[in-house]
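A structural walkthrough
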Amino acid sequence: MYGDMSGSLGWIGGLRGVGHLLRMTMESGKRVYNAFSIAPKPITVIVEGNIGSGKTTFLKHFQKLPDFAVVDEPISKWRDCQGHNLLELMYKDPQKWSLCFQSYVQLTMLDLHVKPVLKPVKMMERSIFSAKYCFVKNLKDQGLMNDAEYTVLTEWFDFIQETIPLQVDLIVYLKTDPQVVFERIAARGRTEENSITLPYLQSIHKLHEDWLIHKKFGPVPRVVTVDANEDLSKMMTSYSMCEETIIQKVAIANY
């Protein structure tokens, strides 16, 4: 598992010098930061939040920074698995397609967890953990995934954790009111998301809270909680502040 590193972080500033500490590891030439290698390992940050919470906008900020390798959620694969739009199929008929879709989500997210990077900080959009604790758990709770299907996914999830290093050093939680994300989803008009309801988003929000705030599923790494209810165009200031917190806290924990 990602280990017992529970705790919360406050906002701090004026720590750009720590970024230099991270860059120093690259001066001797290119290094591949790989979860499987003995050394060096990347510092791994995962960005979590409800659908429409602003993860893509958040990640765009960090894509501009020299020390961060941003790994996007593999939505393109979910939309085209050898010609099959699994994301659309799951939204249209979750009872029929949830096991198929979530099996593929687990596979593709695992691929991102172990993907080597050339920079010292690896920042992922969502993770295998939110897939299990939020989205799979919601399908089970809503009666859209039966016990046998849930057990199969859980067995795979447990096996992966026991056999593959999935280090997570810090989680950024973009906390957003379900009504806010419901309105954002309606505004962006993605075809696959037409069937998303407010009660569904409320359920996903509650499971994120259970996982990251109340820690009902076990210990979690350090969590930075960002109030992401503001208009996305106004969030860049908050993201810049969060940048300092991430660099300092993760660097101190790993160097």
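In what follows, the accompanying structure is described. If you're wondering where the values come from, they're calculated on a predicted model, not measured in any experiment.

1. A few points about the packing of aromatic side chains
On inspection of all chains with the given rule, the structure shows 8 aromatic pairs. Judged by centre distance (5.6 Å) and plane angle (80°), the rings of Trp78 and Phe101 are edge-to-face. Of this pair, Trp78 sits in helix 3 (residues 75-79) while Phe101 sits in helix 5 (residues 94-114), placing them 23 residues apart in sequence. Residue class for Trp78 comes out buried when judged on its relative accessible area of 6%. On the numbers, 5.2 Å between centres and 15° between planes, the contact of Tyr133 with Phe217 is stacked. Of this pair, Tyr133 sits in helix 6 (residues 128-141) while Phe217 sits in the loop between helix 9 (198-213) and strand 5 (222-227), and the two are 84 residues apart along the sequence. Phe217 gets classed as partly exposed once you look at its relative accessible area, which sits at 24%. An aromatic cluster is defined as three or more aromatic residues linked by ring pairs; in this entry it consists of Phe129, Tyr133, Phe157, Trp211 and Phe217. Positioned above the aromatic ring of Phe157, the side-chain terminus of Lys132 is 5.6 Å from the ring centre. Its end group placed over the ring of Tyr150, Lys140 keeps NZ or CZ at 5.7 Å from the ring centre.

2. Topic: the side chain of Thr108
Residue position: Thr108 is located in helix 5. Given a relative accessible area of 4%, Thr108 falls into the buried group. A distance of 2.9 Å separates a polar atom in the side chain of Thr108 from a polar atom in the side chain of Trp78. In contact with Thr108, other than residues within four places in its own chain, are Pro74, Lys77 and Trp78.

3. A look at the pairing of strand 2 (residues 68-71)
On strand 2, burial covers both faces: Phe68 and Val70 on one face and Ala69 and Val71 on the other are all buried. The sheet contact formed by strand 2 and strand 3 (residues 121-125) spans 4 bridges and is parallel. Pairing of Val70 across the sheet is with Met123, part of strand 3.

4. What about the packing of helix 5 against helix 7 (residues 147-163)?
With their axes 10 Å apart at the nearest point, helix 5 and helix 7 run at an angle of 10° to one another. The orientation of helix 5 relative to helix 7 falls into the category roughly parallel. Note on element contacts: helix 7 touches helix 5 through Glu149, Leu153, Trp156, Phe157 and Ile160, opposite Leu99, Gln102, Ser103, Gln106 and Leu110. The residue makeup of the contact of helix 5 with helix 7, split by class, is 6 nonpolar, 3 polar and 1 charged.

Conventions adopted
Residues numbered from 1 in each chain as written. Predicted model: local features only at pLDDT ≥ 70, side-chain atom pairs only at ≥ 80, totals over all residues. Heavy atoms only, no water. Phe/Tyr/Trp six-rings, centres within 6.5 Å; stacked < 30°, edge-to-face > 60°. Helix = DSSP H or I, 4+ residues; strand = E, 2+ residues; numbered from the N terminus. Buried < 20%, exposed > 50% of the residue type's maximum accessible area, 1.4 Å probe, protein only. Lys NZ or Arg CZ within 6 Å of the ring centre and 35° of its normal. Polar contact = N/O pair within 3.5 Å; in protein donor to acceptor, adjacent residues only side chain to side chain. Contact = heavy atoms within 4.5 Å. Pairing = 2+ DSSP bridges. Axes fitted to C-alpha atoms, helices over the stretch in contact; angles between N-to-C directions. Parallel < 35°, antiparallel > 145°, perpendicular 65-115°, else oblique. Nonpolar A, V, L, I, M, F, W, Y, C, P; charged D, E, K, R; others polar.

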